[in-house]
Amino acid sequence: DGQQYFCFLDNIMKGRLSFEEIDAAKGDSVLYYKLLVKTRMDYAQRLLDKDTAYEYETLTQRLERKARENFVNIINGLHDERNHDIRFRNIQSLTAEELYYLAVTTDGSIYTSSFVKGVYPLMMKKINNKGDSLLLSLHFDRYRKFIKMCAGFNTLDDFLSSFPARKNPDDESDAEKLMKAFVGRLEAGTGTEDGVDVADSYASVAESMKPLATEMLKNIQRNYQRNENAGNKRGMAIYNILNKLFLSADTTQHIDLTKELGIPPVYEVPFQALANDSGRVIVQLFIYGDRDGMGVFPGLVNMFNNANWKIDGSNKQWVAINSAKGKPVTLYMNRPLPEETNEDAEAQKALCTFLDKNNIVPTVTINRGHSYNAPYTIEQMSMASKIVFMGSCGGYRMIHDILEKAPDAHIIGTKQIADAPVNNPFLRLIMEKLRLGSNIDWIPFWAELSKMATDPIFADYVPPHKNLGALFIK
């Protein structure tokens with residue numbers, strides 16, 4: 001029980017919370033979560049007065065864990081349930097503030113439908129559709145994270161519209177003040193999270209709310225000027241990066257991020273960057289030996305059963321597919337041998353050993369498997385990968401781990417369900433582009449893929465040029 005008490009240490013020491021109050025809640029997942037939120041809100045208010053509670057981080061970690069395990073994982077798991085009364089039954093008793101923390105503490109793991117159809121509308125209903133009142137009651141705790149999530153889930157316009165209208169035409173509205181604060185004083189933090197949230201939000205805002213995107217860019221530039229005037233090098237660095245990233249979203253600006261920031265191009269992967277010294281592009285696909293992997297594998301191989309490709313199935317542990325026309329391209333796929341006997345892992349290991357011994361370096365990595373398989377793909381993938389496709393549920397939240405392994409990777413992942421109706425068209429299109437020697441230009445590539453992948457889950461896949469948070473980290 002010590003861990004149950006420890007995250008409340010500061011309030012226990014100050015006599016603001018008793019062991020008996022915790023005992024009354026700790027056996028009930030809902031009551032315990034409510035107590036965690038109440039304590040977090042108390043600590044957030046104190047933090048405004050520079051009063052940091054003992055074990056503040058411990059409380060935060062436990063809040064995140066309980067939000068994910070007791071609520072979000074459950075409503076995520078019921079994504080096929082069409083009856084919302086059944087799917088979202090376990091969150092009905094939560095207040096607007098408790099629903100808010102449910103969202104911001106599970107960024108990256110909460111499914112789009114869980115947020116858009118469940119958590120967000122219920123939260124707004126319980127706060128009487130007054131977003132400003134909600135943030136005030138929360139002392140604006142983690143508001144940047146929430147705005148970033150609303151931008152990514154296309155609810156930001158709705159949220160901002162719930163704020164009061166401006167009283168005078170010349171005055172700033174409360175919503176405008178909020179968005180100005182959203183991009184302001186990023187230099188005051190110690191890490192990169194706030195900057196990442198601002199960067200991540202811009203691509204979504206620029207696509208659906210262009211006037212707001214224009215204002216965000218102006219505010220970034222004003223903040224750079226403010227930090228330059230103050231001689232704050234950290235602030236200058238943060239706002240310079242954001243300014244260049246945002247400007248690069250407009251291709252007419254011709255911003256060379258390699259020259260400006262020392263990172264590879266955002267919107268394109270040149271064919272030459274993918275080809276080895278002999279001009280060949282090597283693609284490696286990791287697949288796993290569960291029922292799903294075994295089921296889709298024949299279709300993956302059969303996809304290349306035409307005159308443009310030659311299939312070599314002579315090896316018992318993997319298949320090699322070579323282009324018969326066009327540029328030299330080779331796709332290596334391990335066979336999804338039974339996972340119960342660990343044969344799929346042995347096949348992957350054998351293929352990686354073969355590639356390493358023969359100095360065959362993949363520059364494109366494709367993962368096909370469940371979310372729990374993804375770490376094994378990342379562990380084994382080529383450090384030289386320039387394109388990484390995470391065809392597993394929630395692959396979007398693996399961005400940081402992928403960049404640790406392959407710093408130059410352009411990453412495609414999904415915030416929700418990954419499945420063959422999108423994964424297969426992506427493989428078909430990328431392989432055809434490579435065979436034709438085309439540069440991978442993400443904006444037209446994504447538009448072409450959207451016509452091939454007509455399943456609604458395509459909306460949750462995030463292309464590299466929208467991963468501005470990842471680029472900010474770089």
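Parameters and conventions
- Residues numbered from 1 in each chain as written.
- Predicted model: local features only at pLDDT ≥ 70, side-chain atom pairs only at ≥ 80, totals over all residues.
- Heavy atoms only, no water.
- Pairing = 2+ DSSP bridges.
- Helix = DSSP H or I, 4+ residues; strand = E, 2+ residues; numbered from the N terminus.
- Contact = heavy atoms within 4.5 Å.
- Axes fitted to C-alpha atoms, helices over the stretch in contact; angles between N-to-C directions.
- Phe/Tyr/Trp six-rings, centres within 6.5 Å; stacked < 30°, edge-to-face > 60°.
- Buried < 20%, exposed > 50% of the residue type's maximum accessible area, 1.4 Å probe, protein only.
- Parallel < 35°, antiparallel > 145°, perpendicular 65-115°, else oblique.
- Nonpolar A, V, L, I, M, F, W, Y, C, P; charged D, E, K, R; others polar.
- Arc of directions from axis to C-beta.
- Polar contact = N/O pair within 3.5 Å; in protein donor to acceptor, adjacent residues only side chain to side chain.
- 1 Å grid on protein atoms, 1.4 Å probe; cavity = no way out; pocket = protein on both sides within 12 Å on 5 of 7 lines; lining within 4 Å.
- Points joined across faces, edges and corners; volume = space filled by probe spheres on them.
- Core = buried A, V, L, I, M, F, W, Y, C linked by side-chain atoms within 4.5 Å.
- Expected span 1.5 Å × (residues − 1).
- Salt bridge = Lys/Arg side-chain N within 4 Å of Asp/Glu carboxyl O.

Draft legend 1. Main features of the sheet that holds strand β5 (residues 329-334). The strand order across the open sheet formed by eight strands is β3-β4-β5-β2-β6-β7-β8-β10, and the pairing between neighbours is mixed. Of all strands in the sheet, those with a lone pairing partner are β3 (309-312) and β10 (461-462), marking the two edges. Along the sheet, helix α18 (residues 291-302) makes contact with β2 (281-287), β3, β4 (318-323), β5 and β6 (364-368), crossing β2 at roughly 155 degrees.

Draft legend 2. Main features of the packing of aromatic side chains. In the structure shown here, the tally under the stated rule is 21 aromatic pairs. Both rings, one in W318 and one in F354, keep their centres 5.0 Å apart while their planes meet at 35 degrees; by these two values the pair is tilted. You can see W318 sitting in strand β4 and its partner F354 sitting in helix α19 (residues 343-357), a full 36 residues away along the chain. Residue F354 is classed as partly exposed on the basis of its relative accessible area, which comes to 28%. Among the aromatic side chains, those forming a connected cluster through ring pairs are Y100, Y101, F115, Y120, F146, F153, F159 and F163.

Draft legend 3. Molecular detail of the packing of helix α10 (residues 143-152) against helix α12 (residues 174-182). The geometry of α10 relative to α12 is characterised by a closest axis approach of 10 Å and an angle of 105 degrees between their N-to-C directions. In this view, α10 runs roughly perpendicular relative to α12, as classed from their interaxial angle. For the pair α10 and α12, contact is made by Y143, R144, I147 and K148 and by L178, M179, A181 and F182, respectively. In the contact of α10 with α12, the residues fall into six nonpolar, no polar and two charged.

Draft legend 4. Quick look at α18. All of the buried residues along α18 are G293, F297, L300 and V301. Along the axis of α18, the buried positions cluster into a sector of 85 degrees, meaning they face one direction only. Across α18 from its buried face, at more than 90 degrees, point the exposed residues R291, G295 and N302. Contacts from the buried residues of α18 go to β2, β3, β4, β5, β6 and α22 (420-435). Structurally, the start of α18 carries an N-cap: the backbone nitrogen of D292 is 3.1 Å from a side-chain oxygen of D290.

Draft legend 5. Fine view of the side chain of T39. Within the secondary structure, T39 is located in helix α4 (residues 29-48). Using a relative accessible area of 3% as the deciding quantity, one classes T39 as buried.

Draft legend 6. Structural context of empty space enclosed by the protein. For the coordinates displayed, the defined rule picks out two cavities of 30 Å³ or more. By volume, the largest cavity amounts to about 100 Å³. Every residue along the wall of the largest cavity is listed here: P264, P265, V266, A409, H410, I411, P464, N467, A470, L471 and K474. Where the lining of the largest cavity is concerned, the elements lending two or more residues are β8 (410-414) and α24 (468-473). Tallied by class, the residues present in the lining of the largest cavity amount to eight nonpolar, two polar and one charged. Considering only enclosed or pocket space, the second largest cavity measures out at about 30 Å³ in volume. In terms of lining residues, the second largest cavity is bounded by L186, G191, T192, D194, G195, R234, I238 and F472.

Draft legend 7. Representation of the pairing of β6 in the model. Taken across its five residues, β6 has five buried, putting it largely inside the fold. Every second residue of β6 is oriented toward a common face, with V364, I366 and R368 on one face and T365 and N367 on the other, all of them buried. Alignment of β2 against β6, held across five bridges, turns out to be parallel. Looking across to β6, one finds that Q284 is bridged to T365. Of the strand pairs in this sheet, β6 and strand β7 (residues 387-391) are connected by five bridges, and their pairing is parallel. By the bridge assignment, V364 is partnered in β7 with I387.

Draft legend 8. Region of the structure containing the nonpolar core. Ranked by internal contacts, the top residues of the largest apolar core, which has 86 residues, are F8, Y100, L102, L156, F159, L242 and F246. In this view, Y100 contacts M123, L134, L135, L138, D141, R142, Y143 and F146; residues no more than four positions away in its chain are not counted. If you look at the next biggest cluster of nonpolar residues, it comprises 43 residues, including V301, M303, I366 and I417.

Draft legend 9. Structural view of α22. For α22, with 16 residues, the first-to-last C-alpha span of 22 Å sits near the 22 Å given by 1.5 Å per residue. α22 sits mainly inside the fold: 13 of its 16 residues count as buried. Two residues or fewer after α22 comes G437, characterised by a positive phi angle close to 75 degrees.

Draft legend 10. Here's a closer look at the pairing of β4. Burial of β4 is extensive: five of the six residues sit out of reach of the surface. Bridge analysis of β3 against β4 gives four bridges, and the strand direction is antiparallel. Bridge pairing in β4 links I311 to I321. Hairpin geometry of β3 and β4 is characterised by an intervening segment of five residues between the two adjacent antiparallel strands. Pairing between β4 and β5: five bridges, direction antiparallel. The residue bridging I321 from the neighbouring strand is L331, located in β5. Hairpin connection from β4 to β5: five residues lie between these consecutive antiparallel strands, with G326 at a positive phi of about 80 degrees.

Draft legend 11. Inspection of the pattern of salt bridges at higher detail. If you walk through the whole model with that rule in mind, you get 23 salt bridges. When the shortest N-O distance is used, the salt bridge between D107 and K145 registers 3.4 Å. One end of the pair, D107, is in the loop between α7 (96-104) and α8 (112-126); the other, K145, is in helix α10, and 38 residues separate them in sequence. For the salt bridge of D197 with K145, the shortest nitrogen-to-oxygen distance reads 3.1 Å. Residue D197 is found in helix α13 (residues 193-208), and its partner K145 is found in helix α10; the two are separated by 52 residues along the sequence. Of the two residues, D197 and K145, neither departs from the other in class, the shared state being buried. Linked by salt bridges that have partners in common, E64, D107, R142, K145, K148, E193, D197 and D200 make up one network.

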